[in-house]
Amino acid sequence: MIGLVVAIGAVVAGPVELRIGDVVSAPVEEVSVVGVRVGGAESRIIAWDAVRRVTGDGASKAAQFQSLSDDAWRARLRLSRGDHALAAPVFERLYETYRTVAGPTALMVAEGTLSCRLAAGRTSEAIEPWLHAVALREAGDTIAGDPPLIPMLDATTMLVPTLPPIWLGPDGVGAFVTSGDVPSTGLAGALGSLYQDAARQEQGRAAALTAATTEHPGVALVRVIVESRAPDPSRRESARYAMLGRLEADAGSWREAWLRAAIGRSFLLESDPQVRMVGVFHLMHLPARFSTTQPELAAMALALASRELAEQGDLGGSDAVRTELERMFPSSAPVAWLEAAIGPRVQPRAGSGVDPVSRQDLETKDNAP
Amino acid sequence: MNTRHRSVIASARAGRAPRPLAVAFVLAIGSSVMGAGPAPSPGDEQVEQYLARLGVSSVLAERLEHELTLATGEQRTAIAEHLAEVYAGLLSSVGADARAAHWENRASELLKSVPEAGSIELRLALARAAFVRAEASAERGVLRMAPPEESLQAIHRLDALIGELDHIADDANRRVIGLEKREESGSDRDATLLNAALSDGRRTRSIAHFLAGNAAIQVALANHSAEHAEIALKHLGWILGARPDARPEIERLAEQNLMYPHVAKAALAVALAHAIRDRPDEAVAWLQAVRAAERLPADIPDLITTRQIQCLAASGQWSELADFVRTLRAPARDATGGEGDGGPRALSPMHARLVAVLALGAPDMASKSAVGELRDAALADLVAMGELGHVLDIASVFGTAGFSSDSYIGLEVRGLKAYDDARRAHSATDPDFSDPPSDAATRKLYATAAELLEHALRAPGADAYPDAGSQTMLLVGVCQLNAQDMGAKGADPTQRLIDASKSLRDPVRAATALRLAIHALDGRIGEGEGDVAALAAQRDALIDGYLERFPDDAFAPALIIRRAGAPGFDRMRGLTMLLSVPASSPWYAGARHHASVIAFELYRAAPPSERDWAARRYLDLEEPLLAADRREASKENRESADRATARARRIIEASLGLEVPDVTVAERALEVVDSLIALGLIDPEPLRGEMAYRRAQIALHRGDTALADALLAAAAAADPSLARAGDQLRFRAAVRSWRLEKAADPMSESTMTAAVRVADIGRALLTADADGASEEFDAFTGATCAEAMVDLFTARGDRAMGEQAAALLKHVLAGAPNARTELHRYATITESLGQFQESLEAWRTLLAGLEPGTGPWFEARVHHVRILARVDPARARTVLDQHVALYPGYGPDPWGPDLRAIHETLGASP
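Residues numbered from 1 in each chain as written. Chains lettered and ligands numbered in written order. Predicted model: local features only at pLDDT ≥ 70, side-chain atom pairs only at ≥ 80, totals over all residues. Heavy atoms only, no water.

Asks: Describe the pattern of salt bridges, naming the residues involved and giving the relevant values.
Replies: All names here are of chain B. Applying the stated criterion across every chain, the model contains 89 salt bridges over all chains. For the salt bridge of R202 with E180, the shortest nitrogen-to-oxygen distance reads 3.0 Å. Here R202, found in helix α9 (residues 191–223), pairs with E180, found in helix α8 (residues 148–185); they are 22 residues apart in sequence, far enough to count as distant. Note that E623 is salt-bridged to R668, the shortest N-O span being 3.0 Å. Placement of E623 in helix α27 (residues 608–633) and of R668 in helix α29 (residues 663–678) is noted, with a sequence separation of 45 residues between them. The class for E623 is partly exposed, based on a relative accessible area of 24%. A cluster of three or more residues bridged by salt bridges with shared partners is formed by D522, R539, D540, D544, R562 and R563. (Salt bridge = Lys/Arg side-chain N within 4 Å of Asp/Glu carboxyl O. Helix = DSSP H or I, 4+ residues; strand = E, 2+ residues; numbered from the N terminus. Buried < 20%, exposed > 50% of the residue type's maximum accessible area, 1.4 Å probe, protein only.)

Asks: Help me get a handle on empty space enclosed by the protein, residues and values and all.
Replies: Residues and elements named next belong to chain B. Under the criterion given, the structure shown has two cavities of 30 Å³ or more. The computed volume of the largest cavity comes to approximately 80 Å³. Lining of the largest cavity is provided by R329, P344, R345, A346, A380, D381, A384, A464, Y465, P466, D467 and A468. Going through the elements one at a time, α16 (368–384) and α20 (466–483) are the ones with two or more residues in the lining of the largest cavity. Its residues assigned to classes, the lining of the largest cavity shows eight nonpolar, no polar and four charged. Here the second largest cavity defines a volume of roughly 40 Å³. (1 Å grid on protein atoms, 1.4 Å probe; cavity = no way out; pocket = protein on both sides within 12 Å on 5 of 7 lines; lining within 4 Å. Points joined across faces, edges and corners; volume = space filled by probe spheres on them. Nonpolar A, V, L, I, M, F, W, Y, C, P; charged D, E, K, R; others polar.)

Asks: Pulling in residues and values, what's your account of the sheet that holds strand β3 (residues 28–32) of chain A?
Replies: All names here are of chain A. Taken in spatial order, the three strands make up an open sheet running β3-β4-β5, and their pairing is antiparallel. Because the sheet does not close on itself, it has two edges, and the strands there are β3 and β5 (44–46). Ignoring strand direction, the axes of neighbouring strands in this sheet form an average angle of 25°. (Pairing = 2+ DSSP bridges. Axes fitted to C-alpha atoms, helices over the stretch in contact; angles between N-to-C directions.)

Asks: Requested: an account of unusual backbone geometry, with residues and values cited.
Replies: Both trends apply: most residues other than glycine have a negative phi, and most peptide bonds are in trans. All names here are of chain B. Of note, the amide linkage connecting D893 to P894 takes the cis form, showing an omega dihedral of 0°. Looking at the element boundaries, P894 is found in the loop between α39 (873–886) and α40 (895–905). Unlike most non-glycine residues, D245 shows phi in positive territory, near 60°. Among the secondary structure elements, D245 is positioned in the loop between α10 (226–237) and α11 (261–276). For E636, which is not glycine, the phi dihedral falls at a positive 65°. Here E636 shows up in the loop between α27 and α28 (638–656).

Asks: Residues and numbers for the side chain of S266(A), please.
Replies: Within the secondary structure layout, S266(A) lies in helix α9 (residues 254–267). Once residues lying within four places of it in the same chain are set aside, the contact partners of S266(A) are S228(A), R236(A) and R240(A). (Contact = heavy atoms within 4.5 Å.)

Asks: Tell me about the packing of helix α37 (residues 836–849) of chain B against helix α38 (residues 855–871) of chain B, residues and numbers included.
Replies: All names here are of chain B. Remark: α37 packs on α38, axes separated minimally by 9 Å, with the N-to-C direction vectors making an angle of 150°. What the angle tells us is that α37 and α38 run roughly antiparallel. In this structure, α37 crosses over α38, and the sense of that crossing is left-handed. Together, F836, Q837, S839, L840, W843, R844 and L847 of α37 and W857, A860, R861, H863, H864, I867, L868, R870 and V871 of α38 make up the contact between the two elements. Among the residues making up the contact of α37 with α38, the classes are represented as nine nonpolar, four polar and three charged. (Parallel < 35°, antiparallel > 145°, perpendicular 65-115°, else oblique. Left-handed = near helix turned anticlockwise from the far one by under 90°.)

Asks: If you had to explain the sheet that holds strand β2 (residues 23–24) of chain A to someone new, which residues and values would you point to?
Replies: Backbone-to-backbone hydrogen bonds pair the strands of a sheet. The strands run either parallel or antiparallel. Residue and element names in this part refer to chain A. Read across the open sheet, the three strands follow the order β2-β1-β6; overall the sheet is antiparallel. In the strand order of this sheet, the two ends are held by β2 and β6 (51–54), each with one partner. Direction of pairing for strand β1 (residues 16–18) relative to β6: antiparallel, over a ladder of three bridges. Bridging from a neighbouring strand, V16 pairs with V54 of β6.

Asks: Tell me what's going on with the packing of helix α11 (residues 295–311) of chain A against helix α13 (residues 333–342) of chain A, and back it up with residues and numbers.
Replies: All names here are of chain A. Look at α11 against α13: their axes get within 9 Å of each other, and the N-to-C directions meet at 15°. One element, α11, and the other, α13, form an angle in the roughly parallel class. The interaxial crossing formed by α11 with α13 has right-handed handedness. Every residue of α13 that contacts α11 at A299, M300, A303, L304, S306, R307 and A310 is listed here: P334, W337, L338, A341 and I342. Looking at the contact of α11 with α13 residue by residue, the class counts come to ten nonpolar, one polar and one charged.

Asks: Break down the layout of surface pockets for me, citing the residues and quoting the values.
Replies: Looking at the largest pocket, its volume works out to about 1600 Å³. Around the largest pocket sit 50 residues that line it, and A120(A), G121(A), R122(A), S634(B) and K635(B) are the ones nearest its centre. Secondary structure elements with two or more residues in the lining of the largest pocket: α3 (84–98), α4 (104–119), α5 (123–138), α11 and α13 of chain A together with α27 and α29 of chain B. Looking at which element gives the most residues to the lining of the largest pocket, the answer is α29(B), with six residues. For the lining of the largest pocket, the per-class residue count stands at 26 nonpolar, eleven polar and 13 charged.

Asks: A description of the pairing of strand β4 (residues 35–38) of chain A should follow, citing residues and the corresponding values.
Replies: Residue and element names in this part refer to chain A. Examined bridge by bridge, β3 and β4 share four bridges and lie antiparallel to one another. In the strand pairing of β4, V31 is matched with V36. Counted along the chain from β3 to the antiparallel partner β4, the turn is two residues long. Where β4 and β5 come together, three bridges link them in antiparallel fashion. Paired with V36 across the strands is I46, a residue of β5.

Functional significance is not addressed by these values, which are geometric in nature.
Here it is as structure tokens:
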């Protein structure tokens, strides 16, 4: 995936003026789509979003990348102030160029695209730039310079806290499961393979679990989550046991939120209604404790809990949880999912008897939203 | 969470070593699902509180039950106690539904399996839950709303509960006595805890007695049992300050305590108990005592009425009950003592049902006239309130044999039964009643119901129940509406519905009637039935009337949208109406959408003086809608994306059309279009030319002509129809900057450069027009271009430029022969070019169009005579001779002396 480095390389000399006003006077060794490689004592590649201009011999070469540099800088600036809506089109454009490129610019673009897609709720489409970022970070790339960007990847696990391998039904998975743009090697390859397994499970298909077994904490966490929805009840039990054992160590973190969601969903696969209710209890940790940090998981948990309560005949409880879902996360996908799962909410009828007049209202339709 | 439970689990966890996986599997054998064991995990307590707040402690109960199955020893007891607390909470919060029975059974099971968890609180909660369900069934029995067997079963359960609650009350009493002794001895160090325990104990005792008393009163009422009435009195005495196991005495009733619901309810139950014991005077005394209290809980006045009805019926005082009901239904007095709105008041649905049921079930010895009056009044009130289900239910319980076949109520009940039949048939094919029935048989049922209800309206005595009559009119209209055969003409419901809307006092029903009348007219108009124009006018008048009478009705915005957008409706009024739709209305989004459409139309049609204001009003409306659609579009909603694109295009047009273009607003809208394109939600191709054109407008506004030229070229390439508009845009911008330069320094080099741009662009534009871009010569462009050329000729002496200017001006004057500025300019340039005849003709035409004796006229005369003197001196002298005859002083300065000088040059004597 990162093998195709598009380079218009040439050894040139001349200072590099950075966006923050500093000037790097080290010799410019190469100017390419990857960035500006400088030599000297602090040899490194300067990302295009940090470069204002290259003067001297490298100026004409750098001019070819001026508009790309401006775009990268503009996108980074917008992202740093939280303006995902305006940053997104620029990142999407840049990502077309950088999805197969290595280096610090590519990393900034991958994480920026990831951030924008997550902000727009395009969860399944966020996986590809995330895996690209994992591969780049694994290769040693970092994001330097200003303005600082909020780290998207957890440093220990390389996972994105708001991108769990958990979806609410096959609709949420999108085209990711059939996408070929998943790395096949390294950490990114292992994680990508496990996410595809999770997506397959969501579609009701068997997980292949072909990812290499590794001690990496990120892989281990995703693997146990995937295992917790295995068709074999004993495998699910083992996975739940492992996850329950981690709860205390991960208390309060995003990892606990993932674990609660996975444990709850795993219990819901069991046949004993009382055991499924234990799953509901775990799921309810999400809205009760993680609604601000993990809103998507919290909404999903409420939807699943409401459906389970309805299926067990506790219609009042189901309705109360549904009301909470609609209050906390109006217009979210789980609201629609729940409506499809247990039907539309029954509206109270006017009057108590058979008088139907109020139901025969004028059908004045409006085409407006 | 139960602290003991927590400490037990915590100590267990503290001593637990990490277990290898093999051990984990061994442990799992003991449980059905590994990992569902009793160990609490981080945050559990927070989740418990959250579940309690949502009212879904059932989840917690299920989890604890599951834990209980896995726990042993002390831990099991701790969990059981915690579970008992949760059950008690659940049982005290649930109503009388099936879930209550479910938890009641589970709690009973817990008491059996772990008796040490059986606290007095749990027993009381269990008894209370059983009481609530049984009392609800018993009350439904009183109203004849439950099957007799269910009521009987409830009464048996209540009878049994009296004993159970009595035991609980005794236990609580013993506990209270023990605590009181400890309090007296002062042996407890913590007085606060002791007081809290005492307070809890007394509370438990009071609740148990209160429930036991109310259970007994239900049994007494159902069986007319004086014995149970006595039991009830003794229990209720605990609440009302009586000595233990004595009847409450009215003298000991503290009025201020009646502000507490349980005290007021107990006092009213005492009244009923006395009525059942055949002590009507004592019953009345207790009722009056409660009624006279200054402060009562909100629901007690209603209960006083209920209990008074029951007391009078229980003691066989039917005439007094008829008097009481008459009082309740008497017209309300207004503040001045007048009769308010003049209409009788109706009993509440529950009181009406109670009175009807009591009257229809009255013993034979009861006064026939009083019972008949009570029955008819109660049923008429139910009809008037639209509580048709109650009427039909009562008719099915008691039969219709008791109703006179030609009385209003008798006919009404028959009509309602027919109506109910029609509804049932209708719901079989269309559960939502969204359209009139499609089958002839159901339509016929509706027609029959309409006919019967019409008969009821004409029956003797119908006038006595005007509100019921209004409701019947509404039903007649509904039936006629549903009876209509789409192909054949049926009875027209419109008039009945309009009449109903006028006479119904309930505004909701009145509004419904009027809406249905509008709906009926829509149907007739749609069918092309009769004079469609007249029907449409009637329908529009009804809508206007609706909006006037029910402006705040939930459906008013829908009609506003419909009316405001109708062809021919005053758009300004429509806009005002749409803007009046409150944000809380579900029609708000629709109303704003239509308002923005109208505002845009008004902007486009606005005269220049109002154009900016109209644009601002439109932009204020449209921008939030654009943001909303953009948000929706980001969820890959293509319909929203298309709508957002249309809005963005309108916003760009209006913002750039302002006297001083609002580039910021336009750029925001352009960004929206860009982002939608980037997300692949809209096709960029059809927009490419337009967006380039808009960006060119922005570039020109910023003075970047090079960028603008490039963008306009791109726009024309993408959409050739934009080529001319682009040239015009460039020309207008060039003229604007030239005029600014000219105002600063008419002869500067930059002014000349700007003039050259005007001349070049103008010439190209006119050439393109001549080549077929436009059928008409653009006089404005021609005149402006000529002005720039004249300036260039004057400053630089460029003769070719002068000749082109003259040719252009000639063209302009061909279409506007009396245009003064152009005539003046043409006369001047042709003179400079030596074209004296052309110049002379122009001055002559100008002179003819000016007011003689004015400054401009004298000026034109000077130039005219000056050139004439060169071309035809004799004629010039003649002209000046005639001039001096009219103006002996030749004219005002500076023109007079010039004319005199020319005249003298031509030989005139000074």
